[in-house]
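What the coordinates show
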Amino acid sequence: MAVAALPRTMDALSRRASMLRDSLRRSQGNTDGMVAILGSFDHRLSALEAAMRPTQVRTHAIRTAHENIDKTIKAADGILSQFDLARRAEATILRGPHEDLEGYLEAVDVLKGIVRFFSSNKNFKSSETILNHVNNLLAKSTLKIEEEFKQLMSTYSKPIEPDRLFDCLPKSLRPTKGDNEADGGSHPSKGLETAIYRTPTLVPPRILPLMNDIAQQLVQAGNQQSCYKIYRDSRASALEVSLRKLGVEKLSKDDVQKMQWEALEAKIGNWIHFMRIAVKLLLAGERKICDQIFDGVNFNSGHCFAELTANSVITLFSFGDAVAKSKRSPEKLFVLLDMYEVMRELQPEIDEIFEGKPCTEMREAAASLTKRLAQTAQETFTDFEEAVEKDASKTIVQDGTVHPLTSYVINYVKFLFDYQSTLKLLFQEFDNSTEAESQLAAVTTRIMQALQNNLDGKSKQYKDPALTYLFLMNNIHYMVRSVRRSEAKDILGDDWIQRHRRIVQQNANQYKRVAWAKILQTLSVQGAGSTGDLSSSGVSRATIKERFKSFNMQFEELHAKQSQWIVPDQELRESLRLAVAEVLLPAYRSFIKRFGNLVENNKNPQKYVRYSPEAVDQLLGQFFEGQQWAEQKR
């Protein structure tokens, strides 16, 4: 059955193969037809492209021509606009900067832009001609700008009147109406550190940007030397005249040496005031406008500022230098400390104002003056200590009161303690190894000891030993009391005070012993001579009379003498009177009680018992008041 079906399968396959061959033949025919059609299209397109090529060339040429024409027109417009700008700028330049300085500077900038334009368009045939013309205009403009800069600097470089400067000071430092000179002589208050100073307007703010533009133009044009000289000379003159109007003058050591102390002290006070005004107002203001005018300018403004301020700074410092180098004297110490103090106060501002290498000399000059003032002040300390110890004045206070040297030295020491912070800085200038407070204590102790040594010498000039001890008591007591009531107490310490209080008491005891020993001996029961004990029945009435007469005579002498002496301190005076009364009155009362009956029955008993104990007590109240007081009482 399978064999019978095989022929049929073969026939079917054969038919299908024949159909595939027919289909392939038809497909190949279609393909050949399509290739023929496409070949025909390609031939036609090639022919069309060949026909269009001349048209495309002409179109491209036309488009390029249009572009070139547009570029040429645009370039021509740009050149024409530059010519137009040049024409208008030229008119402004020829008119000059006086009427409209800002417009003039804008015109200069326009001309510079034109130069840049034609310098980058060298293909333009007339570029060289226009460049020459514009450069000539710029050269003219530079001369006119230089003249304008000079004119502006002259107009706005006027010296400042003192009243305007005083208005910029803190109220506490402004002179009151009617003052001819600034009041800068007193020791500056602690509040000055926070005082507000208002920098004066040296040049109107609206002018500063214009001056900056002009400086920029001059430097860019190569005229920096002219700019430098104009600015330096104008501002230097204004600064110097401002200081001169204020009262600043250049003085030498010889000038200072010839001055009377009162005149010199006044000038030092003014100098301290002027230094603050010069540094905080004038020099600070000069630095400010110099930085603003030359901001962004390729210009050595530091050198310019150093040169314009040089003479003024030399003049300012010359007086301080002259005082520091002049002959030293004790009264100069405090003004030297004032000068040193103001230089220390101003040094940070001086360093800021004169920053940079060109101003090194100014900074060093200020630091050198500060150091010199400190050195002179320290040497004056040493001189003062020696002068106190060696003071050989022949002045004797006849009444035994406080010697002028004592009050002078104590007041001197009190003033020193107003300068504690300054003194500590001064000591540290030369010795950092020791605490400043201990240095101050050492100096004060030496001065007090020098005074005490001198007083010991002066006390020996008295012929009356009692007055010697009274003098020492008064003066040492004055020293102790003054120290206790001042800041010196904290420096010298309680040990010093207690030690010297004992010295006062020792001198008071010595006074009592020397002054009253003889009269007390008269009242004593011993020393009656050959009569022996006065209390015995065999006592001589004549001896008692002599004793009473001797007491009267001695007491009157003591009263006449010691009522002219002075113990100025009331508490000490009363204490001394009481100490005398406590010794004298009991002895006198006892003597009268025991021996008064021997003279009471005499014809003239008051001749012997001239003073009652109450009268003696009352007369003791007149002791140590001074002769003038005693005369008034009489």
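How each quantity is defined
Residues numbered from 1 in each chain as written. Predicted model: local features only at pLDDT ≥ 70, side-chain atom pairs only at ≥ 80, totals over all residues. Heavy atoms only, no water. Helix = DSSP H or I, 4+ residues; strand = E, 2+ residues; numbered from the N terminus. Buried < 20%, exposed > 50% of the residue type's maximum accessible area, 1.4 Å probe, protein only. Contact = heavy atoms within 4.5 Å. Areas by Shrake-Rupley, 256 points an atom, 1.4 Å probe, with all protein chains shown as cover. pLDDT = per-residue confidence, 0-100. Patch = residues over 30% accessible without salt bridge, like charges linked within 9 Å, V, L, I, M, F, W, Y side chains within 5 Å. Salt bridge = Lys/Arg side-chain N within 4 Å of Asp/Glu carboxyl O. Lys, Arg positive; Asp, Glu negative; His and termini not counted. Charge placed at Lys NZ, Arg CZ, Asp CG, Glu CD. Disulfide = S-S within 2.5 Å. 1 Å grid on protein atoms, 1.4 Å probe; cavity = no way out; pocket = protein on both sides within 12 Å on 5 of 7 lines; lining within 4 Å. Points joined across faces, edges and corners; volume = space filled by probe spheres on them. Nonpolar A, V, L, I, M, F, W, Y, C, P; charged D, E, K, R; others polar. Core = buried A, V, L, I, M, F, W, Y, C linked by side-chain atoms within 4.5 Å. Axes fitted to C-alpha atoms, helices over the stretch in contact; angles between N-to-C directions. Parallel < 35°, antiparallel > 145°, perpendicular 65-115°, else oblique. Left-handed = near helix turned anticlockwise from the far one by under 90°. Polar contact = N/O pair within 3.5 Å; in protein donor to acceptor, adjacent residues only side chain to side chain. Phe/Tyr/Trp six-rings, centres within 6.5 Å; stacked < 30°, edge-to-face > 60°. Lys NZ or Arg CZ within 6 Å of the ring centre and 35° of its normal.

Of regular secondary structure, the protein possesses 21 helices and 0 strands. Per-residue burial over the protein gives 42% buried out of 634 residues. For the protein, contacts bridging at least 24 residues in sequence account for 82% of all contacts bridging at least 6. A total accessible area of about 35200 Å² is found for the protein, and carbon and sulfur atoms account for 51% of it.

So, on to the environment of Y511. Inspection of the secondary structure puts Y511 in helix α16 (residues 488–522). For Y511, a relative accessible area of 0% corresponds to the buried category. Ignoring sequence-local partners within four residues, the contact set of Y511 consists of A466, Y469, L470, W516, Q562, W565, L576, V580 and F624.

Turning our attention to the confidence of the model for the protein. This prediction gives the protein a mean pLDDT of 82; 76% of its residues lie at or above 70. A low-confidence stretch, residues 527–538 stays under pLDDT 50, and its non-local contacts, those more than four residues away or across chains, total 17 contacts. Confidence drops under pLDDT 50 across residues 629–634; counting only partners more than four residues distant or on other chains, this segment forms 4 contacts.

Moving on, we get to a negative patch on the surface. Among the surface-exposed residues, D418, E487, D490, D494 and D495 lie close enough to one another that they form a single negatively charged patch. Here E487 is to be found in the loop between α15 (465–484) and α16. Given the relative accessible area of 41%, E487 is considered partly exposed.

Judged by side-chain charge, K414, R484, R485, K489 and R501 come together as a positively charged surface patch. You can see R485 is positioned in the loop between α15 and α16.

Overall, the coordinates contain 0 disulfides when judged by the stated rule. With no disulfide of its own, C359 has C290 as its nearest cysteine by sulfur position, at a separation of 8.8 Å. For C359, a relative accessible area of 0% gives the class buried.

Turning our attention to the pattern of salt bridges. Evaluated as defined, the whole model comprises 25 salt bridges. Residue E345 is joined to R276 by a salt bridge in which the shortest nitrogen-to-oxygen separation is 2.9 Å. Here the residue E345 occupies a position in helix α10 (residues 332–353), and R276 occupies one in helix α8 (residues 261–293), the gap between them amounting to 69 residues. Looking at R276, the relative accessible area reads 4%, which means it is buried. For E429, the salt bridge is made with K371, and the minimal N-O distance between the two is 3.5 Å. Within this pair, whereas E429 is found in helix α13 (residues 420–430), its partner K371 is found in helix α11 (residues 360–390), the two being separated by 58 residues in sequence. A network of salt bridges, in which partner residues are shared, links K229, R232, D233 and E307.

Looking at the largest pocket, its volume works out to about 460 Å³. H477, R501, V504, E571 and L572 are the residues nearest the centre of the largest pocket, which is lined by 18 residues in total. Within the residue set of the lining of the largest pocket, elements represented by two or more residues are α15, α16 and α18 (570–595). Its residues assigned to classes, the lining of the largest pocket comprises 6 nonpolar, 5 polar and 7 charged.

Now for the nonpolar core. In terms of nonpolar packing, the biggest core is built from 155 residues, with Y231, M343, Y511, W516 and F555 touching the most fellow members. Not counting residues within four places of it along the chain, the set of residues in contact with W516 comprises Y511, F555, L558, Q562, V580, L584, L620 and F623.

Where helix α6 (residues 224–246) contacts α8, the axes come no closer than 11 Å and their chain directions differ by 165 degrees. Classified by the interaxial angle, the pair formed by α6 and α8 is roughly antiparallel. Crossing of α6 over α8 shows right-handed handedness. Every residue of α8 that contacts α6 at Y231, R235, L239, S242, L243 and L246 is listed here: F274, I277, A278, L282, L283, E286, I289, C290 and I293. Class assignment of the residues belonging to the contact of α6 with α8 gives a composition of 12 nonpolar, 1 polar and 2 charged.

Structurally, K280 can be placed in helix α8. Judged by relative accessible area, K280 falls into the buried class, the value being 13%. A polar side-chain atom of K280 sits 2.7 Å from a polar atom in the side chain of E349. Those residues in contact with K280 that sit more than four places away from it in its chain are Y197, T199, E345, L346 and E349.

For residues other than glycine, phi is negative in most cases, and the peptide bonds are mostly trans. The backbone of F624 sits at a positive phi, close to 65 degrees, despite the residue not being glycine. Among the structural elements, F624 can be located in the loop between α20 (613–620) and α21 (627–633).

Another point: the packing of aromatic side chains. Counted according to the given criterion, the structure contains 22 aromatic pairs. Aromatic pair Y462 and F471: ring centres 5.3 Å apart, planes at 55 degrees, arrangement tilted. Ring plane angle 15 degrees and centroid distance 4.2 Å describe the contact between F551 and Y588, whose orientation is recorded as stacked. Of this pair, F551 sits in helix α17 (residues 541–562) while Y588 sits in helix α18; the two residues are 37 residues apart in sequence, bridging distant segments of the chain. Grouped by ring-pair contacts, the aromatic residues Y511, W516, F551, F555, Y588, Y611, F623 and F624 constitute a single cluster. It is R287 that lies over the ring of F305; its NZ or CZ is 4.8 Å from the centre.

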